[in-house]
Amino acid sequence: MTRIAAAQGEAVAGDLSANVRTAARLVDRAAAEGADVVVLPEAFLTGYAANVFGGPLPTAADLAGPLLDPLREAARAGGTTALVGTPLARGRLATLSLALVAPDGGVTVPYDKQHLDGDEKQHFVVGDHGASVRVGDVELGLSICYDGCFPEHAAAAARDGAVGYLASAAYFVGGEHRRDLYYAARALENGMYVAFSGLTGRCGGRELSGGSAIYDPEGRVVARLGREEGVVVADLDVALVASTRRTHTMVDDHRASLGPRRRV
């Protein structure tokens, strides 16, 4: 059985080395609780801050170099796959991305955020593909924050075989109601687990709400954090996903088109 984890902590705006060390500490905590995979918040490596987004950003070469060594060591030591949010410079463009650190220390960037919110549109371009990662014998869809507000995003992952949805996010204080509804709904609609990782603390002059949680295939909370640093874990039960989808058949009953609308 695959154990999934969502971690949260405070990122220091612009201090990549400090944020990598915090990420490594959180991966160590997740590994100590037996996690096979852990998702960390959006833009965690740089902090979620407009002044950082408008300045020099890490590149793929940076991620391949010594910058991520503490995170590599944590992933190796724990046998854990870690996914951490980061802005990424891509030549003249930039994306909000998820970097994957494998248990062997390898680093890839499998996913770029496909839905940009608010001021993000001034700094980044949207990703051009969805993505899933296979950990053990399960497939897990990847998402970053605003992606999870669109039901079709998680549904696409579920239709492609994902039994879980890893959501790396940053919600500001005041958005807790929407945050908690969105990810419970994505779990319920698709009969799958959702691991939501929220940035917490203060960054870029704004307060972030944390709220990391894991939801079961009925949208129930398995475990949740408040605004403290920490990790939540849960075993992903593939048999429960299958039985839930047999009872609630929305994934199978999805229609690609509802045809033209008539107004009477």
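Everything numeric in this text was worked out from a predicted model, so none of it was measured.

**Student:** An account of the sheet that holds strand β14 (residues 230-236) is requested, with residue identities and associated values reported.
**Tutor:** Taking strand neighbours across the sheet as the criterion, the 6 strands line up as β5-β4-β3-β2-β1-β14 in an open arrangement whose pairing is mixed. If you trace the sheet from one side to the other, it starts and ends with β5 (107-112) and β14, each paired once. The mean angle between the axes of side-by-side strands here comes to 30 degrees, regardless of whether they run parallel or antiparallel. One ladder, built from 4 bridges, connects strand β4 (residues 93-101) with β5; its direction is antiparallel. The partner of L98 across the bridge, within β5, is Y111.

**Student:** Any details on the UniProt feature "domain: CN hydrolase" (unreviewed entry) in the chain? Residues and values, ideally.
**Tutor:** UniProt records the feature "domain: CN hydrolase" (unreviewed entry) at residues 2-238, using the numbering of this structure. Taken end to end, residues 2-238 has its terminal C-alpha atoms 9 Å apart, with 26% of it in helix and 34% in strand.

**Student:** Requested: an account of the sheet that holds strand β12 (residues 213-215), with residues and values cited.
**Tutor:** With mixed pairing, 6 strands are arranged side by side in an open sheet as β6-β7-β8-β9-β12-β13. Each end of this open sheet is capped by a strand with a single partner; those strands are β6 (132-135) and β13 (221-224). Pairs of neighbouring strands in the sheet enclose a mean axial angle of 20 degrees, with direction left out of account. Relative to strand β7 (residues 138-144), β6 runs antiparallel, the two being bridged by 4 bridges. Residue V135 lies in a different strand from β7, and its bridge partner there is V138. Where helix α6 (residues 176-190) meets the sheet, it contacts β8 (164-169), β9 (193-198), β12 and β13, and its direction lies at approximately 155 degrees from that of β9.

The rules behind these values
- Residues numbered from 1 in each chain as written.
- Predicted model: local features only at pLDDT ≥ 70, side-chain atom pairs only at ≥ 80, totals over all residues.
- Heavy atoms only, no water.
- Pairing = 2+ DSSP bridges.
- Helix = DSSP H or I, 4+ residues; strand = E, 2+ residues; numbered from the N terminus.
- Axes fitted to C-alpha atoms, helices over the stretch in contact; angles between N-to-C directions.
- UniProt positions renumbered as here; feature names shortened; annotations may be inferred.
- Contact = heavy atoms within 4.5 Å.

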